[in-house]
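Residues per chain are reported as follows:
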Amino acid sequence: MSEEKYTFQADVHRVLDIVINSLYQHRDIFLRELISNAADALHKLQFQKINNADIYDPDAELKIIVDVDEEKKIITIKDSGIGMTKDELRENLGTIAQSGTLNFFEEIKKQGKDASIPELIGQFGVGFYSVFMVARKITVRSRSYKKDEPAYEWVSEGAESFIIRPTEKEDRGTEVIIELKEDAEEFADKTKIREIIKKYSDYVPFPIELDDEVVNQQTSLWRKSPNEVKEEEYEKFYQYVSHSFDKPLHVIHYSVDAPLQLNCLLFIPSFRKNILLFPETEWGVRLYSRNVLIQERSKDVLPSYLRFIEGVVDSEDLPLNVSRETIQVSRVVASIKKTLTTKILKELEKIARHEAEKYQKFWKEFGIFIKDGVINDEKNRERLLKLLRFKSNKTKDDELISLDDYLQRKPEEQDAIYYLIADDLVMAENSPHLEYYEEKGWEVLFLVEPVVDSFLLMHLRTYKDLQLKPIDVTEESVDEDGASEKEEGEKAVKKEERDEDDLRPSFKKLKERVKEVLGDKILEVKASTKLRGSPCRLAAREGFGVQFQRVYKYMTENFIAPPKVLELNPNHPIIEKLELLIESDSDNELINKIIWQLFENALLLDGSLEQPSAMVPRVNEIILAALEGATAKK
Ligand code: ADP
Ligand code: MG
């Protein structure tokens, strides 16, 4: 058999280019990544050994050997782990697993944010490829644990291509030989390498030997007592498990013995991984039983809304010989999940109570996951509700309030919790729906993650016996609390009559004209009791699934929002003048244009106008008319 040449998958070398250039100050992480791969390979071997007796070289000691040739400028990292077959070498070292990686990088570069790449690297893990930051030539020699697989070597001299050829290697596992670049020769230094290993890999649970001396302590940090662990150790361990550079926002180090034995070391990161860009982003914690890694990214011991948590969970009660299928149904796993969930939620409560600033940071990054929890975790809903935070028409700067704060602040006579779902804060703050509540001095919660918030509100109808009510709903539904449908119907009729009676005849004519012009675009036109400074607003009829509409809008392409009620403010000068114009010159072509414009303004303010730019020609016509009026007066 002779050698075969391959080129890297297209993404790889472009990603490499970017990584190599932007990670310069963190070049020493290449060693962390290679040692972590070696440790993973040893963990996998350990697991095979327990579940599969028939492996190659079963008695080889499980360890990592690092060798530095200071003369020749070569570093070698060798493990007795699971090894790779020829196909695995090609697959694993020739492609970047996450398809979004390149796009992500290019986006960052486009935005001129190269400097933040190091912080973001934990989001995809360049892993093995980080070695190209320091290597001129890399040789990976490997022999699989599978008995009949011969040894192969993979050689690359740069990020363009690699070759694979058969080789002689008797012992099981992988050996990575790095011939250093000229500008990375500083790493050909045993003292330096020892330091880097201590810094990043002290707690790797297999011996790491340098010059026949074991360098790392192999402490399972999570099995130590919290008061024996320094903050820096937590930090480095967090970076090791999450492949990142940031500091954790919060550390949860927790052990129990009954009813089940559990040691865990969990972290809340300081920022959220970009799950939208990386839908395939891996989440989950490392799951150990008696120091044997059972799952690298276990999704079984935490509910998915806590997927931002990183760390390690170790339980001696877990059977070692578990498979993916059996683990999910295991009673122990269910019990671990319950314990961890409660622990994490309690911890968040504690932060919320005692560390306001930290909780604020947490909420900014991970609040959306708490909402996810309210929606999906019925058992813990009460707990989760207390963790929710909101902006409102009364919060200042960074201030956020809880539902309990809201209840405490509200005036006695206010008997509901009011909210407004909007696309963003500015839109919420400028909404005409607010006017009435501002005048009363009532607080309105702003919910500005429309999709999640719509789901959230579907699950959150009342809090402590008070109803949550949207303010962009038309009158009867918002104010007439508790009335039966029939009563409400009667009230609606009465109100309608009152409108007719109280208001001037010209308003009635305006209403008719508006209905005629807008037709099916609206359900109804009526006088508003809720508007103060604005001429009109669009309000939904209650029971019309206002929440659902938002959700549909974001989930369905070409979704056409059902029509709403157009409320006109009879006291607004625009409305009064428009009535006058209809009275005096009902054929004036401005009338219909202004009606359309008012309608579209209301849509725009609600974030529901599909093509805002289409209104410009009409606005120009209206401006021209205004100018003509103004100049004619002189
Ligand atoms: P990750 O470790 O996040 O999967 P890497 O880029 O670090 O990504 O490594 C890619 C893959 O190459 C690993 O998933 C593993 O399958 C394989 N690999 C790397 N190093 C080793 C090793 N020392 N022994 C066995 N397999 C390895
Ligand atoms: Mg890796």
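The structure under discussion appears in the preceding block.
No experiment lies behind these values; they were computed from the predicted model shown.

Rules used throughout
Residues numbered from 1 in each chain as written. Chains lettered and ligands numbered in written order. Predicted model: local features only at pLDDT ≥ 70, side-chain atom pairs only at ≥ 80, totals over all residues. Heavy atoms only, no water. Pairing = 2+ DSSP bridges. Helix = DSSP H or I, 4+ residues; strand = E, 2+ residues; numbered from the N terminus. Axes fitted to C-alpha atoms, helices over the stretch in contact; angles between N-to-C directions. Contact = heavy atoms within 4.5 Å. Near = heavy atom within 4 Å. Areas by Shrake-Rupley, 256 points an atom, 1.4 Å probe, with all protein chains shown as cover. Nonpolar A, V, L, I, M, F, W, Y, C, P; charged D, E, K, R; others polar. Left-handed = near helix turned anticlockwise from the far one by under 90°. Salt bridge = Lys/Arg side-chain N within 4 Å of Asp/Glu carboxyl O. Buried < 20%, exposed > 50% of the residue type's maximum accessible area, 1.4 Å probe, protein only. Polar contact = N/O pair within 3.5 Å; in protein donor to acceptor, adjacent residues only side chain to side chain. Expected span 1.5 Å × (residues − 1). Bend = angle between axes of the 7 residues up to and from the residue.

### Description of the sheet that holds strand β13 (residues 292–298)
Argument step 1. Within the open sheet, the five strands sit side by side as β10-β11-β14-β12-β13. Their pairing is mixed. Each edge of the open sheet carries a strand with a single partner, namely β10 (250–256) and β13. Here the strands of the sheet are splayed against their neighbours by 15 degrees on average, with no regard to which way each runs.
Argument step 2. Of the pairings in the sheet, the one linking strand β12 (residues 285–289) to β13 comprises four bridges and is antiparallel in character. Across the sheet, Ser-289 pairs through a bridge with Val-292, a residue of β13.
Argument step 3. Of the strands in this sheet, β12 and β13 touch helix α2 (residues 29–51), which is tilted by about 115 degrees from β13.

### Topic: unusual backbone geometry
Argument step 1. The omega torsion of the bond from Ala-258 to Pro-259 falls at 0 degrees, within 30 degrees of zero and hence cis.
Argument step 2. Examined against the element boundaries, Pro-259 turns out to sit in the loop between β10 and β11 (262–268).
Argument step 3. Despite not being glycine, Lys-464 has its phi angle at roughly 45 degrees, a positive value.
Argument step 4. Assignment of secondary structure puts Lys-464 in the loop between β18 (462–463) and β19 (466–470).
Argument step 5. Despite not being glycine, Asp-465 shows a phi value in the positive range, around 70 degrees.
Argument step 6. With respect to the helices and strands, Asp-465 occurs in the loop between β18 and β19.

### Focus on the side chain of Ser-36
Argument step 1. Of note, Ser-36 is situated in helix α2.
Argument step 2. Setting aside its immediate chain neighbours within four residues, Ser-36 contacts Tyr-240 and His-243.

### Observations regarding the site of ligand 1
Argument step 1. With respect to spatial proximity, ten residues lie near ligand 1, and among them Asn-37, Asp-79, Asn-92, Phe-128 and Thr-174 are the closest.
Argument step 2. Within the complex, the protein chains bury 75% of what would otherwise be the 530 Å² of accessible surface of ligand 1.
Argument step 3. Its residues assigned to classes, the shell around ligand 1 comprises five nonpolar, four polar and one charged.

### A word on the packing of α2 against helix α6 (residues 190–201)
Two quantities define a packed helix pair, namely the angle between the helix axes and the distance between the axes.
Argument step 1. α6 packs onto α2 with a crossing angle of 65 degrees between their chain directions and a minimal axis gap of 9 Å. For the pair α2 and α6, the sense of crossing is right-handed. Judged by residue contacts, Ile-29, Leu-31, Arg-32 and Ile-35 of α2 engage Ile-193, Ile-196, Ile-197, Tyr-200 and Ser-201 from α6.
Argument step 2. Among the residues forming the contact of α2 with α6, the class breakdown is seven nonpolar, one polar and one charged.

### Notes on the pattern of salt bridges
Argument step 1. Inspection of the entire model under this criterion finds 44 salt bridges.
Argument step 2. One salt bridge in this structure joins Glu-33 and Arg-32, with 3.1 Å as the shortest N-O distance.
Argument step 3. The residue Glu-153 makes a salt bridge to Arg-165 at a minimum N-O spacing of 2.8 Å. You can see Glu-153 sitting in strand β5 (residues 152–156) and its partner Arg-165 sitting in strand β6 (residues 161–166), a full twelve residues away along the chain.
Argument step 4. Taking the relative accessible area as the measure of exposure, Arg-165 reaches 26% and is therefore partly exposed.
Argument step 5. Taken together, the shared-partner salt bridges in this structure form one network comprising Glu-3, Arg-141, Glu-153, Arg-165 and Glu-175.

### Regarding the side chain of Lys-169
Argument step 1. Position of Lys-169 among the secondary structure elements: in the loop between β6 and β7 (173–180).
Argument step 2. Of the residues examined, Lys-169 reaches a relative accessible area of 4% and is grouped as buried.
Argument step 3. Here the side chain of Lys-169 touches Gly-173 through a polar contact of 3.3 Å, landing on its backbone oxygen.
Argument step 4. Setting aside its immediate chain neighbours within four residues, Lys-169 contacts Arg-141, Ser-142, Arg-143, Ala-151, Thr-174 and Glu-175.

### Some remarks on helix α10 (residues 356–376)
Argument step 1. When the terminal C-alpha atoms of α10 are compared, their 26 Å separation across 21 residues is substantially less than the 30 Å that a helix rising 1.5 Å per residue should span.
Argument step 2. Along its length, α10 shows its largest kink, about 70 degrees, at Phe-366.

### Considering helix α7 (residues 231–242)
Argument step 1. With twelve residues, α7 extends 16 Å from end C-alpha to end C-alpha; this agrees with the ideal 16 Å at 1.5 Å per step.
Argument step 2. In terms of residue burial, α7 counts as a mostly covered element, since ten of its twelve residues are buried.
Argument step 3. Regarding α7, the residues found buried are Glu-233, Tyr-234, Glu-235, Lys-236, Phe-237, Tyr-238, Gln-239, Tyr-240, Val-241 and Ser-242.
Argument step 4. At the C-terminal side of α7, His-243 shows a positive phi close to 55 degrees.

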